[in-house]
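Chains, contacts and geometry: an overview
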Amino acid sequence: MKKNYILLISSFILLVGFVSPKKNINPLTTDILNIDGKSLTIEKGCTLCHHPEKKIVGPAFKDISNKYDGNASKILNFLEGKGNPIVHPDEFQYMKPVLMQLKHASKEEREAIAKYIAGLK
Ligand code: HEC
């Protein structure tokens, strides 16, 4: 049952990721935009599986940050598909589709999310 639920959520997120218009943010305007990582985790569906402090389907963001020693650039690497999972590699199959969806986000959005998670240590 849990597996079906997770698959359903993953498909939903993938769908939203593919149909929502790609935002092209001019790097020069990002400071003014003040992108909020916390809101993005809600907007991008992360909070369906992650809570800042409690384990839901995925580990708590706080536990992820602890594992990464609060290092935002290493978390960013993972979110960009450049790093291996270190928190629960055995459950990576559920997180993997999210990385595909995140390719459609802007670099600035991924950075803001990574900084937000890192700050929860
Ligand atoms: C379908 C459920 C689900 C969704 C949605 C989801 N995650 Fe995850 N996430 C997981 C699971 C399960 C793990 C544990 C497996 C792992 O460690 O890779 C995880 C692990 C992670 C990790 C730790 C990776 C590591 O090194 O092990 C990060 C960072 C993360 N998620 C960020 C996010 C962000 C950011 C979003 C939203 C863009 C998101 N997740 C959406 C289920 C999900």
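Since we're looking at a predicted model, the values are computed, not measured. (Residues numbered from 1 in each chain as written. Predicted model: local features only at pLDDT ≥ 70, side-chain atom pairs only at ≥ 80, totals over all residues.)

**Some details on the overall build of the protein**
Put simply, the test is: Helix and strand definitions here come from DSSP, where helices need a minimum of 4 consecutive H or I residues and strands a minimum of 2 consecutive E residues; each element is numbered from the N-terminal end. Counts of 20 or more other C-beta atoms within 10 Å of a residue's own C-beta define buried residues, counts of 12 or fewer define exposed ones, and intermediate counts define partly exposed ones; C-beta atoms are placed from the backbone. Contact definition: two residues whose C-beta atoms, as placed from backbone geometry, lie within 7 Å.
Of regular secondary structure, the protein possesses seven helices and zero strands. Taken from N to C terminus, the helices and strands of the protein fall in the order α-α-α-α-α-α-α. Each of the 121 residues in the protein was classed as buried or not, and the buried ones make up 20%. Restricting to contacts in the protein with at least 6 residues of sequence separation, those with at least 24 account for 70%.

**Quick look at the confidence of the model for the protein**
For the record, the criterion: A residue's pLDDT is simply how confident the predictor is in it, with values from 0 to 100.
Overall, the prediction assigns the protein a mean pLDDT of 87, with 85% of residues at 70 or greater. Mean pLDDT in the protein bottoms out at helix 2 (residues 30–33), which sits at 50, and peaks at helix 4 (residues 61–67), which reaches 98. Every residue in residues 26–31 is under pLDDT 50, and counting partners more than four places away or in other chains gives three contacts.

**Structural notes on the environment of I113**
Along the chain, I113 falls in helix 7 (residues 107–118). Its 27 C-beta neighbours within 10 Å are what place I113 among the buried residues. Setting aside anything within four residues of it in sequence, one finds I113 in contact with G37, L40, T41 and L79.

**What about the site of the ligand?**
For clarity, the cut-off: Throughout this description, a residue near a molecule or strand is one whose C-beta atom, derived from the backbone, lies within 6 Å of it. In this classification, Asp, Glu, Lys and Arg are treated as charged, Ala, Val, Leu, Ile, Met, Phe, Trp, Tyr, Cys and Pro as nonpolar, and every other residue, Gly included, as polar.
What surrounds the ligand is a group of 30 residues, the closest being C46, C49, G58, P85 and V87. Contributions of two or more residues to the shell around the ligand are made by helix 1 (2–19), helix 5 (72–79), helix 6 (92–102) and helix 7. The biggest single contributor to the shell around the ligand is helix 6, with five residues. Among the residues forming the shell around the ligand, the class breakdown is 22 nonpolar, six polar and two charged.

**Considerations on the packing of helix 5 against helix 7**
The condition is simple: Axis definition: a line fit to C-alpha positions, over the contact stretch in the case of helices; interaxial angles, taken between N-to-C directions, run 0 to 180 degrees. Angular relationships are summarised with four words: roughly parallel below 35 degrees, roughly antiparallel beyond 145, roughly perpendicular across 65 to 115, and oblique for the angles in between. In this scheme the crossing of two helices becomes right-handed for a clockwise turn of the near helix relative to the far one and left-handed for an anticlockwise turn of less than a right angle.
The geometry of helix 5 relative to helix 7 is characterised by a closest axis approach of 8 Å and an angle of 130° between their N-to-C directions. Between helix 5 and helix 7, the angle falls in the class oblique. Like other packed secondary-structure pairs, helix 5 and helix 7 cross with a definite hand, here right-handed. In contact with A72, I75, L76 and L79 of helix 5, helix 7 contributes R110, E111, I113, A114, K115, I117 and A118. Split by residue class, the contact of helix 5 with helix 7 holds eight nonpolar, no polar and three charged.

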